[in-house]
Structure formats: C-alpha cells, structure tokens
Amino acid sequence: MLLTEEHVIGLAPDDASRKAGSALASPGKWVSKGANADALWGECQGSGSKPYQTQVDIVNVAFKCSCPSRKFPCKHGIGLMLLYARQKNAFTDNTPPAWVSEWLSKRAEKKVEKSDKPVDENAQAKRLQARQQKVADGITELLLWMKDIVRNGLLQIPEKVPAYWENMARRMVDAQASGLAGMVRALGETNFYSEGWQLSFLDQLLRIYLVVQGYTQSADLDELLQQELRSLIGFTQNQEALKQQTGVKDNWLVLSKQTTEEENLTTERYWLYGQHSRQSALVLQFYVRNQTRPEVLITPGFALQGELVYFPSPTPLRAIIKYPVSNISLPEVTGLEGWTQVTASETALFEQMPVRSERPYIVQQLTPVQHNLQWWLKDQEERLMPLKAGYANIWKLLALSGGKPLNMAILGKEQQYEPLGAWYNGSYKLL
C-alpha cells in the first residue's frame, strides 16, 4: 500500500498528535527501523531507558506501540509513517524482529478464528424475528405521530422544542430502526426561519412515509427494492458476505471526504467516481475516536486502483472496497456535458427509487455566476443550476475559477448541488 504524507496526516487522531508525530519523523529519533510488504516497525528513544517499540500493519491498517498513549495511532506511529513516506530508502531492514512477527501472527490467528466460528442459524433467525417485531411496533408509533402532525396542521410546528423530535428519534433507535431515527432528526433540523420551509418539511415527511409504507408492503416489491428499503429502515448488510461477490474493477477517483462525529463515533464518507465505468460510489468508514481506525487508507485527491462491491439497490451507490487496493495519481476524466445530462440521469434514478440520497457527478465546463442575489453554476449551454444553500466554499471556488469554466465534481440531487472539487491546470483541487 502506498503511504503518502497526506495519508498519514489524515490518520492522526488530533492536531496535537500531528504536531508531535511530525517532530518524530526524523532518522535521528529512531534507534532502529524497518519495513516489508506487511508492516513498518521501529524503536523510538523516549525519556525512559528502553526505546518504545512501534509497529504498523500496513495491509490491514492497525497500530501498536509500547508507549502509554491510548491514541491510535500514537505520535510514534505517526512519526514512523511520516518518516517512511518521506525517506523509504532509509528503511533498509526487511526482516522483522520477533516482537513484530509475533504481533502479526496473533492478528492473523484471530482473523482465522473469527472466520471459522460456526453460525447458529436458529439463533440468528430468532434474533431477526424479534428485531422485525420491534421495528413493526416502532413504525406503528411513528405513523400515529406523523398523522398527528398532519391532523394538527403546520402552523405550530416551528414552535416545537428540540425534545419533540429527539424523543421520536430515540424511540426509533429503541425499535432498532436507526435509519428512521436519522430521517426524523433531519425533519426536526428543517430551517423553520427560511422562506418556504413548509415545502422542504413536507418533502421530508413524505420521504419517511414512503419508506415506511414501502417496507410494510415490501412482499410485493422487487428484491433489490426490498433490500434498499430495509437498508433505509436501518437493517445492516453482512459485509464479509458482500466481499465474496464480484465487484467493479476500476480506477476510483476519491472526489471528497466528509467527516461527522456523534459522541465518540466518527463517520467518514468518501465520494468516488470510476474513471472507466463512470459509476458513482459512496464508501463509509466508522471508528471510535482514539480506539480504532478506518480499515482502508483513503486520501481525497488520489485514486484507488481496485474493486468495489455495491450494496444491493435498484440505484447502486454505497459500496465497500475489496482488498487489496493501491493508490495512484488522480487522472482527469470526461464527465457529463451539462445540466441536461445531469437532470436526465436524475430523472431515471428517481423513477427507480423516489427516496434516495445525493450522489456525485463530474460535469464539464461549469462556471460560478451570481444571479438575483444567488449563486449558480452555468454550463456550456448557458443553463443554470442553483448552488446548495449555505455552500461554504464559494469564494475558494471563485478564486480558482477566475470567471472561467472548470471541469467540476459536484454532489447533490434533483435541483441542488455543491462543488466538491475542480480540475485546474490538469490537477484536481479539493474545495
């Protein structure tokens, strides 16, 4: 796996770790160091008499260090990886010491034990049945709650306290319907001070209703649509089983990374685009802050050369990465010619799945322009599409464009989009 400075900096759990790790990215800080196809290792001299033993599994992305830090990776791991990214030739020792070999062997044994563990199908079926009943009970309450909203009208909705929305979201969590919980929270996050908020509010309310009704009557639907609805409700897919399926091999351009944190859980959303397949993809990675790290090192602005397997859906978007993958320089691709092709694609997707998330596109020759005190993106045929409300990087985009059209990666759906990046002088610039 290719380790770059950007990869390593992105792995640091916080700014303090980045700074401290950078200070350790010097050969003089390390008593010994080595690398092979499986791992990096080194001994870093600290304040004690014995140097800290630091090791990095670069295949399955894991870290271990004998220092007392509880961060993953610690500053020593960051320093070791940065040094390797900058001076690979300095890592002349290719034979791992015993403490590295033992760690890698134990990790491999645990992985085999986990894969060989028998599955109790009867217990699994009982758990699934119990969960389905919980979801059904939760949906019954949710429908009554939604009917009360419609029956009482929208006049008093802006006056609802945050607990009104959060209580129902938590009820959906209790019902093991986390997807519905997120949709209820999104309903409560409507900007009630904006002009025409009723439209967006009712649109979200209708989305929830469509998902609920589709799920309760899914026996009459296509198999792919059934699985998509289950996913929207909150049922998960066995990713190990998914990895056994044949995927799409391509050079996957990493267009953007979006990170959110909720309590101690960090979610990373990577938007990808296939150079040859011209398919969009969303890869999600989750980790607990300072305890675990993402499975795959992904850096926006680069490309993954590998295979992606999509989750079952009539409009496939979310995917997982099959191993191994390698990072390559991001090439420039030929995208859609303008908004006519974007809207045609959106119409086709909407026919198959009315309730769906935003997705990335690459569109040629877009220019940011202002019209009626609002920012738009103008294509080669002078057609305009409004920028997503509250888009934060408009001035960076204007500075990059200089009033000239650029090939852009955009993210959105229906009639609202935001730029993720643009090609400038042959290279991709993140926004």
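The coordinates are above.
The structure presented is a predicted model; accordingly, all values stated were derived computationally and were not measured.

A. Main features of the packing of aromatic side chains. One pass over the structure, following the stated rule, counts 14 aromatic pairs. For the pair Y84 and F91, a centre-to-centre distance of 5.2 Å together with 85° between the ring planes defines the contact as edge-to-face. With respect to class, Y84 is no different from F91; both count as buried. Ring centres of Y164 and W165 lie 4.9 Å apart, and the angle between their planes is 85°; this geometry places the pair in the edge-to-face category. With a relative accessible area of 23%, Y164 lands in the partly exposed category. Following the ring pairs from residue to residue traces out a cluster consisting of W145, Y164, W165, F192, W197 and F201. Lying across the ring of Y164, K160 places its NZ or CZ 4.5 Å from the centre. The positively charged end of R230 is found above the aromatic ring belonging to F235, 4.1 Å away from the centroid.

B. Quick look at helix α12 (residues 394-401). Listed in full, the buried residues belonging to α12 are I394, L397, L400 and S401. Buried residues of α12 fall within an arc of 125° about the axis and therefore sit on the same side. Exposed positions of α12 whose direction lies more than 90 degrees from the buried face are W395 and A399. Elements in contact with the buried residues of α12: β10 (359-371), β11 (374-378), β13 (406-413), β14 (416-424) and β15 (427-430). Of the residues trailing α12, G402 is marked for its positive phi of about 60°.

Basis of the calculations
Residues numbered from 1 in each chain as written. Predicted model: local features only at pLDDT ≥ 70, side-chain atom pairs only at ≥ 80, totals over all residues. Heavy atoms only, no water. Phe/Tyr/Trp six-rings, centres within 6.5 Å; stacked < 30°, edge-to-face > 60°. Buried < 20%, exposed > 50% of the residue type's maximum accessible area, 1.4 Å probe, protein only. Lys NZ or Arg CZ within 6 Å of the ring centre and 35° of its normal. Helix = DSSP H or I, 4+ residues; strand = E, 2+ residues; numbered from the N terminus. Arc of directions from axis to C-beta. Contact = heavy atoms within 4.5 Å.

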